[in-house]
Each structure stands twice: as structure tokens, then as C-alpha cells.
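Residue-level listing of the chains:
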Amino acid sequence: MKPETIRKILSALLSFQEPCTSEQLALKVYGDSKAWSRSRKIVASAAGVAGRLRAMGLLGRTGGRWYVTEAGRTYLVQAQVPAAAPPTQRAEPAQAAPRPAPGWLRWPAAPGGLLWFDGAGWWWPDGQGRWWPWVSQAR
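All values derive from a computational prediction rather than experimental measurement.

Read across the open sheet, the four strands follow the order E3-E4-E5-E6; overall the sheet is antiparallel. Bordering the open sheet on either side are strand E3 (103-106) and strand E6 (131-133), each of which pairs with just one other strand. Ignoring which end each strand starts from, the neighbouring axes of this sheet average 40° apart. Of the pairings in the sheet, the one linking E3 to strand E4 (residues 114-117) comprises four bridges and is antiparallel in character. Looking at E4, one finds that Arg-106 is bridged to Leu-114. Relative to E3, helix H5 (residues 70-78) is tilted by about 130°, and along the sheet it contacts E3 and E4.

In C-alpha cells:
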């Protein structure tokens, strides 16, 4: 399974802020897919994918509901998105402060306990698949 797929599924589960059913997971992750309107078998497929992530220790299941384990949260924090543009040939000035790398950061006050840093700002996923700037929560 591709790391991007794993991150997408874990992020979707975290956006619920509570354990979710296989159908909720399928609707969240694959709801915009053309296959969703053609076949409800996609729910079983999503449950199978979640089962593989459970075997990897990234997801857990209680009472028919899926949740992200501590190992899954660690995976999200450690996973890094590849740089969108190749590095430039020009050297940075010696006085420039080092920039933080894009990635997930644990933040207990954030929904789901994690924030995404894209290199310029902090974002949190809501339960509808949208991303909101973290400063909007501070207001």
C-alpha cells in the first residue's frame, strides 16, 4: 500500500475525532469516487483496507468502529510529503534561519490531535474532507 494512501486513510479517520464505522470510512475516503455510485461493495473494500492497516498496527477496532492507534499517529507525524519543487541551485544566505519541514505535528488542542504544516501555515482537517487554517480556530 502506498504511503500516500495510508496517510489519506489515517487523516480521514482522525478527522472524525471519534471511532467510525466501515461505511463512514468508505464514504469519507472514497465518497467522491465514481465507483461509489455504481457499487456499495466499496464499503467492504474499505473495511478490507482498514483490516490491512489494523494488521500493520496503525488502526484498531472496538465494537465495529475503527480508530487510529498510537502507532498510526506516530506514523502520521513521522511521514513526510515529498517536496513539490526540486531544490534550487542557488545557495541560501548564511544568515537565513532554517525553515521547518512540512509534515504533521502533534497538537493536543487541535481536532484529532494533529496539525499539518505545509511550509507556510498550519492546517487541520475537518470531518467533511476540507482543510482549515489553524488560526481560524484561535478566533
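There is more to say after this.
Turning our attention to the side chain of Ser-22. Note that Ser-22 resides in helix H2 (residues 22-30). Reaching out from Ser-22, the side chain makes a polar contact with the side chain of Trp-66 at a distance of 2.9 Å. If we ignore the near neighbours within four places in the chain, the residues touching Ser-22 are Val-43, Ala-46, Ala-47, Arg-61 and Trp-66.

Now for the packing of helix H1 (residues 3-16) against H2. When two helices pack together, their arrangement is captured by the angle between the axes and the distance separating the axes. Relative orientation of the contacting elements H1 and H2 amounts to 120°, with a least axis distance of 10 Å. By the angle class used here, H1 and H2 are oblique. For H1 against H2, the interelement crossing comes out right-handed. Mapping the contact onto sequence places Lys-8, Ile-9, Ala-12, Leu-13, Ser-15 and Phe-16 in H1 and Gln-24, Leu-25, Lys-28, Val-29 and Tyr-30 in H2. Looking at side-chain class alone, the contact of H1 with H2 contains seven nonpolar, two polar and two charged residues.

Each value, and the rule that gives it
- Residues numbered from 1 in each chain as written.
- Predicted model: local features only at pLDDT ≥ 70, side-chain atom pairs only at ≥ 80, totals over all residues.
- Heavy atoms only, no water.
- Pairing = 2+ DSSP bridges.
- Helix = DSSP H or I, 4+ residues; strand = E, 2+ residues; numbered from the N terminus.
- Axes fitted to C-alpha atoms, helices over the stretch in contact; angles between N-to-C directions.
- Contact = heavy atoms within 4.5 Å.
- Polar contact = N/O pair within 3.5 Å; in protein donor to acceptor, adjacent residues only side chain to side chain.
- Parallel < 35°, antiparallel > 145°, perpendicular 65-115°, else oblique.
- Left-handed = near helix turned anticlockwise from the far one by under 90°.
- Nonpolar A, V, L, I, M, F, W, Y, C, P; charged D, E, K, R; others polar.

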